[in-house]
Amino acid sequence: MILRLAIASLGARALTVAMTILAIALSVALFLGVEKVRTGAKASFADTISGTDLIVGARSGSVQLLLYSVFRIGNATNNVTWDSYLDIASQPQVDWIVPISLGDSHRQFRVMGTTTAFFDRYRYRQDRALQMSDGVVMDDLFDTVIGADVAATLGYAVGDPIVVAHGLASFTEHADQPFRISGILAKTGTPVDRTVVVSLEAIEAIHVDWQGGAQIPGRATPPDTIRAMDLQPSAITAALIGVQSPLQTFALQRAINEYPEEPLLAVLPGVALQELWAIVGIAETALLGVSAMVVVTALIGMMATIFSSLNERRREMAIFRAMGARPATILGLLVLEAMLMAAIGATLGMALLYIGLLILQPVLDGAFGLWLPIEAPTMREVWTMVGVVGAGALVSLVPAIRAYRLSLADGMTVKT
Amino acid sequence: MKPTIPLLLAIAAGPAFAQETRQMDAHEHGVGSLNIAVDGSTLAMEFHAPGADIVGFEYVAETDADRASVEEAVVTLGQPLDLFVVPTAAGCTVTQAAAELEVEGAHDDEEMHGEDDHGHAEEGHSDEDDDAAASHTEFHAEYQLDCTDPSALTEMTFPYFETFENARELEVQIVTGSGAQAFEVMRDTPSLDLSGLF
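- Labelled according to an unreviewed UniProt entry, chain B appears under the name DUF2796 domain-containing protein, originating from Jannaschia donghaensis.

- By the naming in an unreviewed UniProt entry, chain A goes by Macrolide transporter ATP-binding /permease protein and is assigned to Jannaschia donghaensis.

In structure tokens form, the structure reads like this:
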């Protein structure tokens, strides 16, 4: 009975009610959307590297090493000598090891020297392997494999020549060494998309005619001569390691961290990612806080609408009282109306979120490598909605109690 | 010839000392670390904690009482399942346990010997002939456990904090086949939710 009354009463003020509901719906959609992006970003972030047990580099900090070797941002870490690399590679606990050499670039993209094992061992998003979208893995000294973003941004296709530059913001290009694109990787949503992959030897080959950061004038060793040279690198930037058994991870990590010949650092990628996220996470919490405030604002807006409706509904309330409604019924009616608005708003917000996700999911994945799964609402989201309805009831109590008091005092004597 | 021999020795000794690596681990009082690695039904655990957390002092045990508390601590640390409790459903049994006290940074303080006299009295519990004047001590333990049902390892509680009242925090790192994760276990909330890890 009271429910029918509430619905009819809301229907009578359709426009104001619709606006209030829209405000709640938008705020709820924003809040849930931020939550979705937050968890999605965290998952995408944590999925950047998987299947690697240890990352080894020069002693720095775990976050710095991770940022530079995996995300290719931040300050360069020192190099690791080739001797130490071989030493570590020969440890019995090591199942596989992939060296990484950074420091050169192609336009705005990093060039990474590594071995072909990288393509077999690098895993992202829970054990997904790298896939070629076109072409094959490099097998010649001057072959390169480029990430999806590199190909898309620079419009490269398999077979195109490519010039690798010295340093990052490069004005001196290694124009004398003709590289060729042998393959293009499928989109991964990881920093690999923005990387030009060459062999470790190629990194050395680029620098054959270079000394002290400048090209030796008039010298251009023909590619065939370079091929015949001993191009074993003297140093690498970092190495990815897989251990035989998880049980040996900590022992190997300690052995590397205490390696007496060179100050090295071995980090657990999962733990370093967590550390990094703990730093980034503050912004995430702030964002969540702001969107929660938006929900609160919408609810206060609803309270204001109810307040202003009280005046125009005085007569209505008086009639209810005249027909035998108790003051508590008036209070219940107002709270019920508010809860109805909040519930409709929250449901509509959820619907808006899913519509938004459907539209934006491919866009976000393509542009930012951010994958937001479309799945049934989580318990947390359901509780958020329940919370919004509860909070709606709570804020409506303020005008409802006022109406309750008024209906006691001047219920029957309306002064116009 | 005679005077040259000490000279030669000095020359030979010089580079030998220069090549000695000097590095020390992090040492934070109140904070211990526990590394757990899981492979199939085997659990390997490594535990480190500053001496201050476990016995309340870091000098080399001098009195009988000190030595007794160190020994007692080593015995206690040899019982991992009393300190780090896992659900009985997992059916874990200890197959190996070893605990010891390490004195850190003591062996390369050669020049310190002349200045300090008081450090020589110890016939230390530790295996090194150390001058502990400027050193930290650390308890170190390694365990191997066998669990009949590792999937039942849904949580871990830490009576460790009740046993050792100077310990404030334990940094736990867990490595499984699917990756590594880190947790901080504080004295106020001495438990860890491991559901979904195994």
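### Observations regarding the overall build of chain A
Here is step 1: Helices and strands together make up the secondary structure of chain A, namely 13 helices and 16 strands.
Here is step 2: The C-alpha atoms of chain A give a radius of gyration of 32 Å, which is well past the 22 Å a tight globule of 416 residues would have.
Here is step 3: For chain A, the spread of C-alpha atoms along the three principal axes comes to 105 × 45 × 30 Å.
Here is step 4: Counting across all 416 residues of chain A, residues that qualify as buried make up 48%.
Here is step 5: Within chain A, contacts between residues at least 6 apart in sequence are counted, and of these 78% link residues at least 24 apart.

### Quick word on the overall build of chain B
Here is step 1: Looking only at helices and strands, chain B has 5 helices and 8 strands in total.
Here is step 2: Each helix and strand of chain B, ordered N terminal to C terminal, gives the series α-β-β-α-α-α-β-β-β-α-β-β-β.
Here is step 3: Looking at the 198 residues of chain B, the share that counts as buried comes to 43%.
Here is step 4: By sequence separation, contacts in chain B at least 24 residues apart represent 68% of the contacts at least 6 residues apart.
Here is step 5: In the structure as shown, chain B presents an accessible area of about 10,500 Å², 52% of it carried by carbon and sulfur atoms.

### Quick notes on the pairing of strand β6 (residues 169-176) of chain B
All names here are of chain B.
Here is step 1: With respect to burial, β6 is a largely interior element, 7 of its 8 residues being buried.
Here is step 2: As defined by bridge partners, β6 adjoins strand β7 (residues 179-186) across 8 bridges and the pair is classed as antiparallel. The residue bridging E169 from the neighbouring strand is M186, located in β7.
Here is step 3: Taken together, β6 and the strand that follows it, β7, pair antiparallel across an intervening segment of 2 residues.

### Describing the interface of chain A and chain B
Here is step 1: With 16 residues of chain A at the interface, the matching set in chain B holds 21 residues.
Here is step 2: Roughly 1,400 Å² of surface becomes buried between chain A and chain B when both sides are summed, with 56% attributable to carbon and sulfur atoms.
Here is step 3: Per-residue buried area on chain A facing chain B is highest for P246, L247 and F250 of chain A; these three make up 42% of the total on that side.
Here is step 4: Our count for the contact surface shared by chain A and chain B stands at 1 salt bridge.
Here is step 5: Taken together, the connections running from chain A to chain B amount to 3 residue pairs in polar contact (both at pLDDT 80 or more).
Here is step 6: Contributing elements (two or more residues each) for the side of chain A that touches chain B: α9 (249-257) and α10 (269-312) of chain A.

### Details of the nonpolar core
The nonpolar side chains of a soluble globular protein tend to be buried with one another.
Here is step 1: In terms of nonpolar packing, the biggest core is built from 43 residues, with F47, F84, F158 and Y160 of chain B touching the most fellow members.
Here is step 2: The element that contributes the greatest number of residues to this core is strand β4 (residues 136-147) of chain B, accounting for 5 residues.
Here is step 3: Not counting the four nearest positions on each side in its chain, F84 of chain B is found in contact with L34, M45, F47, Y143, M156, T157, F158, P159, Y160 and L170 of chain B.
Here is step 4: Among the nonpolar cores identified, the runner-up in size contains 41 residues, and I21, V335, A338 and M350 of chain A belong to it.

### Things to note about a nonpolar patch on the surface
Residues and elements named next belong to chain A.
Here is step 1: Side chains of L15, M19, L22, L26, L348 and L352 sit close together on the surface and give an oily, nonpolar patch of about 570 Å² of accessible area.
Here is step 2: Of all the secondary-structure elements, those providing two or more residues to the nonpolar patch are α2 (14-46) and α12 (327-368).
Here is step 3: Among the elements that make up the nonpolar patch, the one with the highest residue count is α2 (4 residues).
Here is step 4: Its place among the elements puts L26 in helix α2.

### Some details on the packing of α2 of chain A against α10 of chain A
Residue and element names in this part refer to chain A.
Here is step 1: With their axes 9 Å apart at the nearest point, α2 and α10 run at an angle of 175° to one another. The orientation of α2 relative to α10 falls into the category roughly antiparallel.
Here is step 2: Considered class by class, the residues forming the contact of α2 with α10 number 20 nonpolar, 5 polar and 4 charged.

### Some points on the domain arrangement of chain A
Residues and elements named next belong to chain A.
Here is step 1: Taken domain by domain, chain A comprises domain 1 (2-45 + 281-412) and domain 2 (54-267).
Here is step 2: One C-alpha centre belongs to domain 1, the other to domain 2, and the line joining them spans 53 Å.
Here is step 3: Each side of the interface is counted separately: domain 1 has 5 residues, and domain 2 has 4 residues.
Here is step 4: Buried area between domain 1 and domain 2, both sides added, is near 360 Å², and the carbon and sulfur share of it is 51%.

### Comments concerning the side chain of D149 of chain A
Residues and elements named next belong to chain A.
Here is step 1: If you trace the backbone, D149 turns up in helix α6 (residues 148-154).
Here is step 2: On the basis of relative accessibility, which here comes to 18%, the residue D149 falls in the buried class.
Here is step 3: Setting aside anything within four residues of it in sequence, one finds D149 in contact with F109, K187, D193 and R194.

### Quick look at the environment of Y59 of chain B
All names here are of chain B.
Here is step 1: With respect to the element layout, Y59 can be found in the loop between α2 (51-54) and α3 (64-77).
Here is step 2: For the pair Y59 and L170, spaced 111 residues apart in the sequence, the C-alpha separation amounts to 22 Å.
Here is step 3: Of note is the side chain of Y59, whose polar atom sits 3.2 Å from the side chain of D66.

### Here's the deal with the state of the cysteines
All names here are of chain B.
Here is step 1: This model, assessed by the stated rule, comprises 1 disulfide over all chains.
Here is step 2: Bridging C92 to C147, the disulfide has an S-S length of 2.0 Å. Linking C92 and C147, the disulfide has an S-S dihedral of approximately 105° and is accordingly described as right-handed. Note that C92 is positioned in strand β3 (residues 92-104) and C147 in strand β4, a separation of 55 residues in sequence.
Here is step 3: Given a relative accessible area of 1%, C147 falls into the buried group.

### Some words on the pattern of salt bridges
Side chains carrying opposite charge are able to pair once their charged atoms draw close together.
Residues and elements named next belong to chain A.
Here is step 1: This structure, assessed with the given rule, holds 14 salt bridges over all chains.
Here is step 2: Two residues, E337 and R13, come together in a salt bridge whose shortest N-O distance is 3.0 Å. Placement of the pair is E337 in helix α12 and R13 in the loop between α1 (2-12) and α2, with a sequence separation of 324 residues.
Here is step 3: Since its relative accessible area comes to 17%, R13 is described here as buried.
Here is step 4: Across the pair D149 and R194 runs a salt bridge, and its minimum N-O distance is 3.9 Å. Linking D149 in helix α6 with R194 in the loop between β10 (179-185) and β11 (195-199), this pair joins segments that are 45 residues apart in sequence.
Here is step 5: Connected via shared salt-bridge partners are R13, R313, E316 and E337.

### A closer look at the packing of aromatic side chains
Residues and elements named next belong to chain B.
Here is step 1: With the rule as written, the count across this model stands at 11 aromatic pairs over all chains.
Here is step 2: Relative to F84, the ring of F47 lies with its centre 5.7 Å away and its plane at 50°, an arrangement referred to as tilted. In this pair, F47 is assigned in strand β2 (residues 42-50) and F84 in the loop between α4 (80-83) and β3, connecting sequence segments 37 residues apart.
Here is step 3: The class for F84 is buried, based on a relative accessible area of 0%.
Here is step 4: Ring geometry for F84 against Y160: centres 5.7 Å apart, planes inclined by 35°, an arrangement best described as tilted. One end of the pair, F84, is in the loop between α4 and β3; the other, Y160, is in helix α5 (residues 160-163), and 76 residues separate them in sequence.
Here is step 5: A network of ring pairs unites the aromatic residues F47, F84, F158, Y160, F161 and F164 as a single cluster.

How each quantity is defined
Residues numbered from 1 in each chain as written. Chains lettered and ligands numbered in written order. Predicted model: local features only at pLDDT ≥ 70, side-chain atom pairs only at ≥ 80, totals over all residues. Heavy atoms only, no water. Helix = DSSP H or I, 4+ residues; strand = E, 2+ residues; numbered from the N terminus. Rg over C-alpha atoms; globule rule 2.2 N^0.38 Å. Buried < 20%, exposed > 50% of the residue type's maximum accessible area, 1.4 Å probe, protein only. Contact = heavy atoms within 4.5 Å. Areas by Shrake-Rupley, 256 points an atom, 1.4 Å probe, with all protein chains shown as cover. Pairing = 2+ DSSP bridges. Buried area = accessible area lost by both parts, 1.4 Å probe. Salt bridge = Lys/Arg side-chain N within 4 Å of Asp/Glu carboxyl O. Polar contact = N/O pair within 3.5 Å; in protein donor to acceptor, adjacent residues only side chain to side chain. Core = buried A, V, L, I, M, F, W, Y, C linked by side-chain atoms within 4.5 Å. Patch = residues over 30% accessible without salt bridge, like charges linked within 9 Å, V, L, I, M, F, W, Y side chains within 5 Å. Axes fitted to C-alpha atoms, helices over the stretch in contact; angles between N-to-C directions. Parallel < 35°, antiparallel > 145°, perpendicular 65-115°, else oblique. Nonpolar A, V, L, I, M, F, W, Y, C, P; charged D, E, K, R; others polar. Domains from an automatic or database assignment. Disulfide = S-S within 2.5 Å. Phe/Tyr/Trp six-rings, centres within 6.5 Å; stacked < 30°, edge-to-face > 60°.

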